[in-house]
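Here's the letter readout for the chains.
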Amino acid sequence: MTFFLQNLVNALQWGSFYALIALGYSMVYGILMLFNFAHGDIFMVGAYIGFGVATGLTALAAMGMLALPNWVILVLTILISMFLTSFVGILVERLGYRPLRDAPRASAAITGLMIGIILETGNLALLGARRVSFPSLIDSVTYNFGGVYVTNKKIMIVAVSLALMAALHQFVSRTKWGMAMRAMAFDYVVVPLMGVPLNTIAALTFAIGSALAAAAGILFGVAYPVLDPYMGIVFGWKAFVAAILGGRGSIMGATLAGFLLGFIEIFVAMIFPSTLRDLIAYSIILLILVFRPHGFFGEAYSARLRL
Amino acid sequence: MLKVENLRVSYGKIMALHGIDFYVDKGEIVTIIGANGAGKSTTLRAVSRMVPAADGSRLTYNGKNLLDYSADRVVSELGLTHVPEGRRLFGNLTVLENLKLACFARKDREQIKRDLERVFSIFARLGERREQKAGTLSGGEQQMLAIGRAFMSGRKIMLLDEPSMGLAPLLMMGVFNALREINQEGTAILLVEQNARLALKFAQRGYVLENGHLVLEGRGADLLQNPQVQNAYLGG
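Below is a short write-up of the structure. If you're wondering where the values come from, they're calculated on a predicted model, not measured in any experiment.

## Re the pairing of strand E8 (residues 188–193) of chain B
Looking down a regular strand, the side chains alternate between one sheet face and the other.
All names here are of chain B.
Here is step 1 of the chain: Summarising burial for E8: 6 of the 6 residues are buried, a large majority.
Here is step 2 of the chain: Where strand E3 (residues 29–34) meets E8, 5 bridges bridge the pair, whose relative direction is parallel. Bridge pairing links Ile32 to Val192 in E8.
Here is step 3 of the chain: With 5 bridges connecting them, strand E7 (residues 157–161) and E8 associate as parallel partners. When the sheet's bridge partners are listed, Leu160 is paired in E8 with Leu191.
Here is step 4 of the chain: Regarding the hand of the β-α-β motif, the stretch spanning E7, helix H7 (residues 169–184) and E8 is right-handed.

Here's what the structure looks like:
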């Protein structure tokens, strides 16, 4: 039992990363019917921006110009990086996808892959081939709950992720911007007839998705402090799988499927050798998709942003 | 207030409108009748900037060049609203959300509140169903909501595409009575209809559109008596 609970905690942490990234895939698909295949790399860019912001803030603190406890620095890092990374998303939409709004979907997919390569190699050119390590902002403390070991970092990661997801849910269901996003997912052709600027909503969707990916990147950096320019590829593809599994365009679906992916991976690794982890985990997911090709909350031939 | 000159629209190589001229004055009800495929919907879409007008077309609204405006600004800045064919409601949003979305660009909170109440007083059914998803409404209620939405988003002038489509006669009368009421409060209406008799009775002036050309125009009552119109559109 403790063994199971121990893995459950780990699964929640992995699931948080996947779910946060999957949300961006799903939201963009929901309103524009395209998969932003550069999204995994935006996660990477977010992690690096977080690295830059955290390094900068700790340096200021070390020089005595900023008297803040480390946890405040971490919160600031997350918020500032989410804000900055949202502009990366807006830029990707504006330069990469908007010119292709009426082009065949395959062009947009290829563009996404190219943007991903540009972000990876751009990072390489900028910072060189060395890996960077994310500054350790909080000291790891391990709590023992009746034999289940939980670190403060894991609690923080899961709590921050859930808070962001709840905030997103509130935003999409309560604000007029969220309402416009849902409307756009249902029938984007007539949205301008309501006096709603399509391009603003599209940019906003990219901004939110990218900010969530940045949060995932920083949380990942807190748990696994080594960053490299290609870290977004595997995460991106796995989160993409989660978005499909949840049902394209479904916010709830992407969240649940992200966590499910984390669970399947961790529990497969619990039983089988870890080298077989992804092989077995993704075979299971393939099997689920054979029986539910539209995912948990997806509908045939439609792309609707739902809650 | 709305003036359209030499409006030409093509879809690829096919020309849908071959240079048409018409106008709508303040507070007026004007109709464009014509057969399926004559270009009626295209005319409305060109005015609301959903489809591009060809070079040489002149569309002005209170002296402003409509071609300078994007589709969303036509609504949010000029108050020119378009109720599209088939209503096109957001079925995943509630009745209230559909109406609120139509106020996306409006800032006048107090007036929005009054307008909402006005919509619910004109269409009592919508008030009863305000928390219901628009996709669950009946055809008549959906048309009411589509008109209510246009009412919320500007209502200086309303372009209506086949509001009678798919409605039983009684419901249809209800919808047109409501439109009359909205018009009497100052909203001009440009109505496109296949149901020519209904449209010509309802409108002060009418145009007849055939294969992308305006072939006749006149007062609604006169067009109703016109033998050409009677033969072609009123079943002889």
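## A closer look at the packing of helix H1 (residues 2–32) of chain A against helix H9 (residues 251–271) of chain A
All names here are of chain A.
Here is step 1 of the chain: Axis separation between H1 and H9 bottoms out at 6 Å; the angle between their running directions is 140°. On the basis of the axis angle, H1 is oblique to H9. Where H1 crosses over H9, the handedness of that crossing is right-handed.

## A short note on the interface of chain B and chain A
Frequently, the measure chosen for interface size is the accessible area removed from exposure when the parts meet.
Here is step 1 of the chain: Listed per partner, the contact involves 22 residues of chain B and 20 residues of chain A.
Here is step 2 of the chain: For the pair chain B and chain A, the two sides together bury roughly 2000 Å², of which 70% comes from carbon and sulfur.
Here is step 3 of the chain: Counting every contact that joins chain B to chain A gives 4 residue pairs in polar contact (both at pLDDT 80 or more).
Here is step 4 of the chain: Sorting the residues of the side of chain B that touches chain A by element identifies helix H2 (71–78) and helix H3 (95–101) of chain B as the ones contributing at least two each.
Here is step 5 of the chain: Considering every element that reaches the side of chain B that touches chain A, the biggest residue donor is H2 of chain B, with 4 residues.
Here is step 6 of the chain: Residues belonging to the side of chain B that touches chain A are distributed by class as follows: 11 nonpolar, 6 polar and 5 charged.

Here is what the cut-offs are and how they apply
Residues numbered from 1 in each chain as written. Chains lettered and ligands numbered in written order. Predicted model: local features only at pLDDT ≥ 70, side-chain atom pairs only at ≥ 80, totals over all residues. Heavy atoms only, no water. Buried < 20%, exposed > 50% of the residue type's maximum accessible area, 1.4 Å probe, protein only. Helix = DSSP H or I, 4+ residues; strand = E, 2+ residues; numbered from the N terminus. Pairing = 2+ DSSP bridges. Right-handed = clockwise from strand over helix to strand, strands pointing away. Axes fitted to C-alpha atoms, helices over the stretch in contact; angles between N-to-C directions. Parallel < 35°, antiparallel > 145°, perpendicular 65-115°, else oblique. Left-handed = near helix turned anticlockwise from the far one by under 90°. Contact = heavy atoms within 4.5 Å. Buried area = accessible area lost by both parts, 1.4 Å probe. Polar contact = N/O pair within 3.5 Å; in protein donor to acceptor, adjacent residues only side chain to side chain. Nonpolar A, V, L, I, M, F, W, Y, C, P; charged D, E, K, R; others polar.

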